[in-house]
Amino acid sequence: VYKNSEKLYSTKSKFQKIEVFKNKFFGNILTIDDDIQLTEHDESNYHEMLAHVPLNYIPDAEHVLVIGGGDGGTVREVCKHPNLKTITMVDIDQKVIDVCKEYFPKLNQGLNDKRVKVVIDDGAKWVEENLKEKKKFFDVILIDSTDYNTAQTLFTDQFYQNLKSLLKKDGIMAFNCISISWEKKEVDEVIDDMEEIFKYVRLYQLFQPTYSSGHYSFCFCSRTINPKHTPINWSEYNNKKIDCVYYNKNIHYDSFN
């Protein structure tokens with residue numbers, strides 16, 4: 001399916017190989033180190049679910065931290081919530097942001113929002129350096145990075161403990177996780193790891209055709225909010241008039257089943 005893609009761009013940044021391909025069906029495709037990150041065809045599924053699922057449990061949220069997400073898609077969705085006052089995005093690679101501005105302009109709209117602050121830094125390092133200043137500051141923290149089982153500085157117990165310190169007591173952390181169908185053994189491992197830090201840990205699923213197996217998941221973590229039993233004010237969400245391709249009320253609830 002991907003073979004007929006035309007290579008539009010290729011470069012090696014200080015951190016990784018970044019390439020863009022053009023495909024008649026998928027539109028533009030972003031790969032990093034030869035691994036598909038997103039396609040124009042179905043990126044909305046991923047970005048909408050990462051942003052709106054946690055944000056709908058905290059309708060009066062004010063501060064959001066996004067770690068990774070240099071393509072801009074997650075920030076674009078987060079910006080659709082007018083109640084937010086600050087949105088901080090920390091990404092290690094300026095080159096990813098620059099490439100996506102040129103080849104994926106629909107993903108980058110949110111980066112021009114006056115509430116958004118873009119920081120170029122290693123996510124784990126930035127979090128550690130801001131433990132005092134940003135303690136219990138963020139309502140929601142979203143990690144939009146490479147898969148959970150890819151070894152890197154982001155995925156350590158200390159990193160998640162640090163993130164917990166930056167979250168308000170009733171805050172939520174969510175991160176892109178694993179393929180539920182292809183990595184069934186890892187499901188329990190992820191939940192066990194996170195339950196050492198957070199009281200409520202739930203995977204929620206989405207169908208992302210261009211990811212391995214097409215059956216992907218995010219991990220929802222909170223000290224106080226149980227996503228299966230915490231009511232959502234849907235009239236408040238509807239009043240925001242957020243336009244989504246994939247996400248809706250039924251998808252939200254079904255994603256946890």
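Note that the structure is predicted; figures quoted are calculated from it, not measured.

## Comments concerning the overall build of the protein
Argument step 1. Tallying secondary structure elements over the protein gives 8 helices and 11 strands in all.
Argument step 2. Expressed as lengths along the three principal axes of its C-alpha atoms, the size of the protein is roughly 50 × 40 × 40 Å.
Argument step 3. Buried residues in the protein amount to 57% of all 257 residues.
Argument step 4. Summarising the internal contacts of the protein: among those between residues at least 6 apart in sequence, 67% fall at separations of at least 24.
Argument step 5. Roughly 12200 Å² of accessible area belongs to the protein as shown, and the carbon and sulfur atoms make up 48% of that amount.
Argument step 6. Within the protein, one finds 33 positive and 39 negative side-chain charges whose respective centroids are separated by 4 Å.

## Concerning the pairing of strand β5 (residues 63-68)
Argument step 1. Burial of β5 is extensive: 6 of the 6 residues sit out of reach of the surface.
Argument step 2. Of the strand pairs in this sheet, β5 and strand β6 (residues 86-91) are connected by 5 bridges, and their pairing is parallel. Within β6, the residue paired with V64 across the bridge is I87.
Argument step 3. Considered for its hand, the β-α-β crossover made up of β5, helix α2 (residues 73-78) and β6 is right-handed.

## Some words on the sheet that holds strand β2 (residues 17-23)
Argument step 1. Taking strand neighbours across the sheet as the criterion, the 4 strands line up as β1-β2-β3-β4 in an open arrangement whose pairing is antiparallel. The open sheet terminates on both sides in strands that have one partner only, identified here as β1 (6-12) and β4 (35-39). With strand direction ignored, the average angle separating the axes of adjacent strands in the sheet is 20 degrees.
Argument step 2. Across 6 bridges, the pairing between β1 and β2 is antiparallel. From the neighbouring strand, E6 faces β2, where its bridge partner is K22.

## Details of the packing of aromatic side chains
Argument step 1. Applying the stated criterion to the full structure yields 19 aromatic pairs.
Argument step 2. Consider the rings of Y46 and Y216, whose centres lie 6.4 Å apart with planes at 35 degrees: the pair is tilted. Taken together, the residues Y46 in helix α1 (residues 43-55) and Y216 in strand β11 (residues 215-222) connect sequence positions 170 residues apart.
Argument step 3. A relative accessible area of 3% means that Y46 is categorised as buried.
Argument step 4. The class for Y216 is buried, based on a relative accessible area of 2%.
Argument step 5. Between W234 and Y237 the ring centres are 5.6 Å apart and the planes differ by 90 degrees, which places this aromatic pair in the edge-to-face class. With W234 and Y237 both in helix α7 (residues 234-239) and 3 residues apart, the pair spans about one turn of that helix. When sorted by exposure, W234 lands in the same class as Y237, which is buried.

Criteria and cut-off values
Residues numbered from 1 in each chain as written. Predicted model: local features only at pLDDT ≥ 70, side-chain atom pairs only at ≥ 80, totals over all residues. Heavy atoms only, no water. Helix = DSSP H or I, 4+ residues; strand = E, 2+ residues; numbered from the N terminus. Buried < 20%, exposed > 50% of the residue type's maximum accessible area, 1.4 Å probe, protein only. Contact = heavy atoms within 4.5 Å. Areas by Shrake-Rupley, 256 points an atom, 1.4 Å probe, with all protein chains shown as cover. Lys, Arg positive; Asp, Glu negative; His and termini not counted. Charge placed at Lys NZ, Arg CZ, Asp CG, Glu CD. Pairing = 2+ DSSP bridges. Right-handed = clockwise from strand over helix to strand, strands pointing away. Axes fitted to C-alpha atoms, helices over the stretch in contact; angles between N-to-C directions. Phe/Tyr/Trp six-rings, centres within 6.5 Å; stacked < 30°, edge-to-face > 60°.

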